[in-house]
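Breakdown of the fold
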Amino acid sequence: MAAEPMNHSPQLSDDAAAEGAPAGPVEPFDGNARLFERAQRRIPGGVNSPVRAYRSVGGAPRFVRRAAGPYVYDAEDREYVDLVASWGPALLGHGHPAAVDAVKAAADRGLSFGAPTEGEIELAELVHDRVRRDGRTPIERLRLVSTGTEATMTAVRLARGATDRPLVVKFAGHYHGHSDGLLADAGSGVATLALPASAGVPAEIAALTLVLPYNDEAALRLAFERHPGRIAAVITESAAANMGVVAPLPGFNRFIVDTAHANGALVIFDEVLTGFRVHAGGWWALDPDGALDVDLLTYGKVIGGGLPLAALGGRASVMDLLAPLGPVYQAGTLSGNPLAVAAGLATLRAADDEVYSRVDAASQRVQAAVTSALTEAGVAHSISRAGNLFSIGFGLTEAPRDYDEVRAQEAWRHPAFFHAMLDAGVSLPPSVYEAWFLTAAHDDAALSRIEEALPAAARAAAEATSPPS
Ligand SMILES: *Cc1c(COP(=O)(O)O)cnc(C)c1O
């Protein structure tokens, strides 16, 4: 594991931290470790979202001061090739001029109005035009919210309102944000911290969510047999990417749609991560099962281009049940915020076919380098893919199909691998349960740095030892 930067700074007094004042003279290179220590005094765990805390890899998280293109720069002004991309939004690379200029221009016109704006219509029209296949789109209406969590939470409420049924089916290892009903057996940070569920979710609420193994048709059929007329919706990551990447098996997404509809339930495709990342029209437009008859889709991450913006969309007959037209309530003070809409519009408009070819090509080049380095070092592994998203399964010989298979991997090899990459100036997601995010800004120089870093990281992974069980 990498040595921590030495902390020569004097201890911060509690009062200084409370006032937000830096203790002592402000140094040009305020170490990450020192910032982390200060953060932990006033912010739970020192972070505002758990996976940022490096709990599963150890060490102090890198505090980012700025980012540009494929690079992030930390508090010590070290440069890293970034493969986190803000967990997805930075499809074009960091600080893309089109997005930044659009946000600056929007800011000059005012930050938030609590009234409708033309930009919101443009974004709804753009998504309607863009999520399209064989001349049709599943997005007849779109409502903007601020986070992916709100989008999926609202989609579930809408499905319950539309069907007048209480239960929701989700798949183990899928992450749909942190609303109460969707946290059971969730991916992302919940998987990273190995939590079965969250404290604070009443059993009565958890009981309304049926958690099934992913890619298991028999389990889904059985759930509908056991709960006739009670299941409002099946929510699924259109291609799972929060337990590492686990694509749906051929035919599985179609089976979900057919089975749900045959039983009077709706289907929610959660594309918060995959939407506008794996393809101009998201996974829905790329799905090998064809243009599926999905009722509701949720978006986040790329749609906001780095600002807080998310959305749910779908067929008009369901979406029009939302207030003010219908009885299902949903609202947001900052929903459709003009700065966020400007960033989203600029990002989607810039994300043309060439951007997706670049991201696809960069992803393939890195996958090839990962495989060759790990093979050379003698580390058995799988690479699982969904479009340009991929992840490594240490110790696996085949790409995992569900959460149990994902968790069977040698996750203990990841911290050594991660820190060797970090030491060489490459910032990976600090969890083995996350995808690697390439961007259109990953040029030859950035990709070469990744390729150069991989052999030593692969050797570190090979030398890692299993913790005593
Ligand atoms: C990130 C994510 C969410 C939650 O979005 P937030 O904006 O973090 O609330 C929901 N679903 C999926 C598939 C995601 O990847």
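About the cut-offs
Residues numbered from 1 in each chain as written. Predicted model: local features only at pLDDT ≥ 70, side-chain atom pairs only at ≥ 80, totals over all residues. Heavy atoms only, no water. Axes fitted to C-alpha atoms, helices over the stretch in contact; angles between N-to-C directions. Helix = DSSP H or I, 4+ residues; strand = E, 2+ residues; numbered from the N terminus. Left-handed = near helix turned anticlockwise from the far one by under 90°. Contact = heavy atoms within 4.5 Å. Nonpolar A, V, L, I, M, F, W, Y, C, P; charged D, E, K, R; others polar. Buried < 20%, exposed > 50% of the residue type's maximum accessible area, 1.4 Å probe, protein only. Pairing = 2+ DSSP bridges. Near = heavy atom within 4 Å. Polar contact = N/O pair within 3.5 Å; in protein donor to acceptor, adjacent residues only side chain to side chain. Areas by Shrake-Rupley, 256 points an atom, 1.4 Å probe, with all protein chains shown as cover.

With that settled, the discussion passes to the packing of helix H15 (residues 414–423) against helix H16 (residues 444–463). A pair of packed helices is captured by two measures, namely the crossing angle of their axes and the spacing between those axes. Between H15 and H16, whose axes approach to 8 Å, the crossing angle comes to 145°. Between H15 and H16 lies a crossing whose hand is right-handed. Of H16, the residues touching H15 (which contributes Ala-416, Phe-417, Ala-420 and Met-421) are Ile-450, Ala-453, Leu-454, Ala-456, Ala-457, Ala-458, Ala-460 and Ala-461. Classifying every residue of the contact of H15 with H16 by side-chain character gives 12 nonpolar, no polar and no charged.

Our focus in this paragraph is helix H9 (residues 252–262). What H9 keeps buried is the set Phe-252, Asn-253, Phe-255, Ile-256, Val-257, Thr-259 and Ala-260. Buried-residue contacts for H9 involve strand E5 (167–171), helix H8 (217–226), strand E7 (231–237), strand E8 (266–270) and helix H10 (282–286). Just past H9, the residue Gly-264 takes up positive phi, approximately 75°.

Turning our eyes to something else, we now look at the pairing of strand E12 (residues 389–394). Burial analysis of E12 places 6 of its 6 residues in the buried class, which makes it a mostly covered element. Where burial is concerned, the two faces of E12 agree: the one with Leu-389, Ser-391 and Gly-393 and the one with Phe-390, Ile-392 and Phe-394 are both buried. The pairing of strand E11 (residues 381–386) with E12 spans 6 bridges and is classified as antiparallel. Counterpart to His-381 in the pairing with E12 is Phe-394. Between E11 and E12, which pair antiparallel one after the other, the connecting turn spans 2 residues, and Gly-387 there sits at a positive phi close to 60°.

What surrounds the ligand is the set Thr-147, Gly-148, Thr-149, Tyr-175, His-176, Gly-177, Glu-237, Asn-242, Asp-270, Val-272, Leu-273 and Lys-301. At 2.6 Å from an oxygen atom of the ligand is found a side-chain nitrogen or oxygen belonging to Thr-149. Within the contact set of the ligand, an oxygen atom lies 3.0 Å away from a side-chain nitrogen or oxygen of Asn-242. For the ligand, whose free accessible area comes to 380 Å², the fraction covered by protein is 83%. Grouping the amino acids of the shell around the ligand by side-chain chemistry returns 3 nonpolar, 6 polar and 3 charged.

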